[in-house]
Amino acid sequence: MDSSELKKKILVVDDENSFCVLLKANLEKRGPFEVLTTSNPHDVVRLAKEFQPDLILLDILMPGMDGMTVAAELKGNNYTEDIPIAFLTALADEEDVREFRSRTGDKYILSKLGTNKELMVSITEIITAKSRGE
Amino acid sequence: MGIHMNDIDKTKEQLINELSELRKQYVELKKASAALERARLIQSQTMSSLGVLSAGVAHEIKNPLSIILQGIELMEVSSSKEGVVDILAMMKDAVFRASRITKDLLTFSRENTPTLKETDLAQVINESLSLVDHIFSLKQINIVGKLSDDLPRVRADSNQMKQVFINLFTNAAEAMREGGTVTVTADISENFNKEKIVRIAVADSGCGISEEDKQRVFDPFYTTKRKSGGTGLGLSVVKGIIEKHRGSIRIESEPGKGTNVIIELPYS
């Protein structure tokens, strides 16, 4: 089996290109991930259809089209509606996210200001939950 | 008749004088009240603009911080040189500190009106403790809870109260570098106005606070922990929240003898 088949595919959407480049490098260096990035929210549906990621990490505040609108477009498309989406935002820090999680159980809000170790735990958790049909 | 006309006139004159004095005082009081209302309005508008500005600034600062953090973490996995690892750890701490400052500034500048609901304070305290549990374990700090079984439900904003307790617990942990004990007490009592209150005390066995610092701990941006990342906004935010709940907060402390923070919240 090709090792790339074991890798989980992540699509990162963030208007900060430097963030995309560095996050891709970190995730691919630290875990079994293949990461595709885009800084253009208008490209997300097309890229998601072609790449068929296991998870989309989506920034919330982006110029042109915000993350919520992108998420709605993804959910409204037959080819992308089942792909899990997690919001990766600078609005909340890791402490906020932990508290939000403990209160709501929601694991789909992630902080850009957390460590990659924590981020990878959350990514794995979401992908595993999806594969179990949760 | 025992009362002379002179006496009546004198009393009448006296009453007129007093009435005139009262009128003057009433006018002055009205002026002062209007000035206070204007000042409140200006403060509210200033804080509101500051809140909007801070929210924008916070996001604009946190985005580049997240890029720096990613860069540091990439260098961490690419280099195992001892000196470099230490430098990267320091840089990472600085990123988290800057992030915390923007967050505290944002909290401080927001005019957060509490959403008051019947709240079980014991539950809020226990949930807050569970969120800082890892810090206490790391620093070998024991927690002693003395929460009265008959605590009444208090009209409070549970999220804001959680913020209060997390702040106080974190401060207590920071005051006990060698470990120690945090005692959390909650019971019912009466304040000096004979109002029924819930009194919550968070006492630590840490280094205590000097008289000079005690006078200023609630001042915005005043901190004794600048080097370790203190922003000086934590306790001023706490005080603001408690006052919006019509409560009061005070600190009893002596250097070397620990600190006791006492919060009183009315209930009826």
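Residue indices follow the written sequence of each chain, beginning from 1 at its first position. Each chain is given a letter, starting from A, and each ligand a number, starting from 1, according to the order in which they appear as written. It should be noted that, the model being predicted, local features are given only for residues of pLDDT at least 70 and side-chain atom pairs only at 80 or more, the latter also being counted only at that level, while totals for whole chains, interfaces and linings use all residues.

Remarks on the overall build of chain B
Piece 1. Along chain B, the regular secondary structure elements total six helices and seven strands.
Piece 2. With C-beta atoms placed from the backbone, a residue is labelled by how many other C-beta atoms lie within 10 Å of its own: buried for 20 or more, exposed for 12 or fewer, partly exposed between the two. Across the 268 residues of chain B, 29% fall into the buried class.
Piece 3. At a minimum sequence separation of 6, the contacts of chain B that also span at least 24 residues come to 74%. Every helix listed is a DSSP run of H or I at least four residues long, and every strand listed is a run of E at least two residues long, numbered separately from the N terminus. Contacts are defined on C-beta atoms placed from the backbone: any two residues whose C-beta positions lie within 7 Å are in contact.

Focus: the overall build of chain A
Piece 1. Secondary structure summary: chain A contains six helices and five strands in total.
Piece 2. Ordering the α and β elements of chain A from the N terminus gives α-β-α-β-α-β-α-β-α-β-α.
Piece 3. Relative to its 134 residues, chain A shows a buried fraction of 34%.
Piece 4. Considering only contacts within chain A whose residues lie at least 6 apart along the sequence, 54% involve residues at least 24 apart.

Brief notes about the sheet that holds strand S7 (residues 259-266) of chain B
All names here are of chain B.
Piece 1. Strand order in the open sheet made by the five strands is S2-S4-S5-S7-S6, with mixed pairing throughout. Looking at the sheet topology across the chains shown, the edges are occupied by strand S2 (141-147) and strand S6 (248-253). Ignoring which end each strand starts from, the neighbouring axes of this sheet average 15° apart.
Piece 2. In the sheet, strand S5 (residues 196-204) pairs with S7 via eight bridges, with the strands oriented antiparallel. Note that in S7 the partner of Val198 across the bridge is Leu265. Pairing between two strands is assigned when DSSP locates at least 2 bridges connecting them. To get an axis, a line is fitted to the C-alpha atoms, and for a helix only the part in contact is used. The angle between two axes follows their N-to-C directions and goes from 0 to 180 degrees.

So, the nonpolar core
Piece 1. Residues Phe165(B), Leu168(B), Phe169(B), Ala172(B), Val202(B) and Val238(B) are the most contacted members of the largest nonpolar core, which totals 36 residues.
Piece 2. Buried Ala, Val, Leu, Ile, Met, Phe, Trp, Tyr and Cys residues whose C-beta atoms connect them within 7 Å together make up a nonpolar core. Of all hydrophobic cores here, the second largest spans 31 residues; its members include Leu55(A), Ile56(A), Val97(A) and Leu119(A).

Comments concerning the confidence of the model for chain A
Piece 1. As a per-residue measure, pLDDT reflects the predictor's confidence and takes values from 0 up to 100. The share of residues in chain A with pLDDT of 70 or more is 90%, and the mean pLDDT across the chain is 88.
Piece 2. Across chain A, the secondary-structure element scoring lowest on mean pLDDT is helix H1 (residues 3-6) of chain A, at 64, and the one scoring highest is strand S2 (residues 33-38) of chain A, at 97.

Re the interface of chain B and chain A
Piece 1. The interface is formed by 15 residues belonging to chain B together with 19 residues belonging to chain A.
Piece 2. Contributing elements (two or more residues each) for the side of chain B that touches chain A: helix H1 (5-78) and helix H2 (82-109) of chain B.
Piece 3. Looking at which element gives the most residues to the side of chain B that touches chain A, the answer is H1(B), with twelve residues.
Piece 4. Any residue outside Ala, Val, Leu, Ile, Met, Phe, Trp, Tyr, Cys, Pro, Asp, Glu, Lys and Arg is labelled polar, Gly included; the first ten of those are nonpolar and the last four are charged. Considered class by class, the residues forming the side of chain B that touches chain A number six nonpolar, six polar and three charged.

Brief notes about the pairing of S6(B)
Residues and elements named next belong to chain B.
Piece 1. Of the pairings in the sheet, the one linking S6 to S7 comprises six bridges and is antiparallel in character. Bridge pairing links Ser248 to Glu264 in S7.
Piece 2. Counting the residues that bridge the hairpin from S6 to S7 gives five residues, and of these Gly256 lies at a positive phi of roughly 85°.

Here's the deal with the packing of helix H3 (residues 121-138) of chain B against helix H4 (residues 158-174) of chain B
All names here are of chain B.
Piece 1. In the contact formed by H3 and H4, the axes pass within 9 Å of each other and the chain directions differ by 40°. As summarised for this structure, H3 and H4 are arranged oblique, according to the angle between their axes. Both H3 and H4 take part in a crossing whose hand is right-handed. Mapping the contact onto sequence places Leu121, Val124, Ile125, Glu127, Ser128, Leu129, Leu131, Val132, Ile135 and Phe136 in H3 and Ser158, Met161, Lys162, Phe165, Ile166, Phe169, Thr170 and Ala173 in H4.
Piece 2. Its residues placed into classes, the contact of H3 with H4 shows 13 nonpolar, three polar and two charged. Between 65 and 115 degrees an angle is taken as roughly perpendicular, under 35 as roughly parallel, over 145 as roughly antiparallel, and anywhere else as oblique. Crossings are sorted by hand: turned counterclockwise from the far helix by less than a right angle, the near helix makes the crossing left-handed, and turned clockwise it makes it right-handed.

Here we look at the sheet that holds strand S1 (residues 8-13) of chain A
Residues and elements named next belong to chain A.
Piece 1. Spatial strand order, S2-S1-S3-S4-S5: five strands in an open sheet with parallel pairing. Edge positions in the sheet fall to S2 and strand S5 (109-111), since each has one partner strand and no second. Neighbour to neighbour, the strand axes of the sheet diverge by 25° on average, direction disregarded.
Piece 2. Where strand S3 (residues 55-58) meets strand S4 (residues 85-89), three bridges bridge the pair, whose relative direction is parallel. Along S4, the bridge assignment pairs Leu57 with Ala86.
Piece 3. Most of the contacts of helix H3 (residues 44-51) go to S1, to which it runs at about 170°, and overall it touches S1, S2 and S3.
Piece 4. Seen against the sheet, helix H6 (residues 116-131) touches S1, S3, S4 and S5 and runs at an angle of roughly 135° to S3.

With respect to H3(B)
All names here are of chain B.
Piece 1. Working rule for helices: expected span equals 1.5 Å times residues minus one. The end-to-end C-alpha distance of H3, which contains 18 residues, comes to 26 Å, matching closely the 26 Å that a straight helix rising 1.5 Å per residue would cover.
Piece 2. Every buried residue of H3 is listed here: Leu121, Val124, Ile125, Ser128, Val132 and Phe136.
Piece 3. Packed against the buried residues of H3 are strand S1 (117-119), S2, strand S3 (154-156), H4, strand S4 (180-190) and S5.
Piece 4. Looking one or two residues beyond H3, the residue adopting positive phi is Gln140, at roughly 55°.

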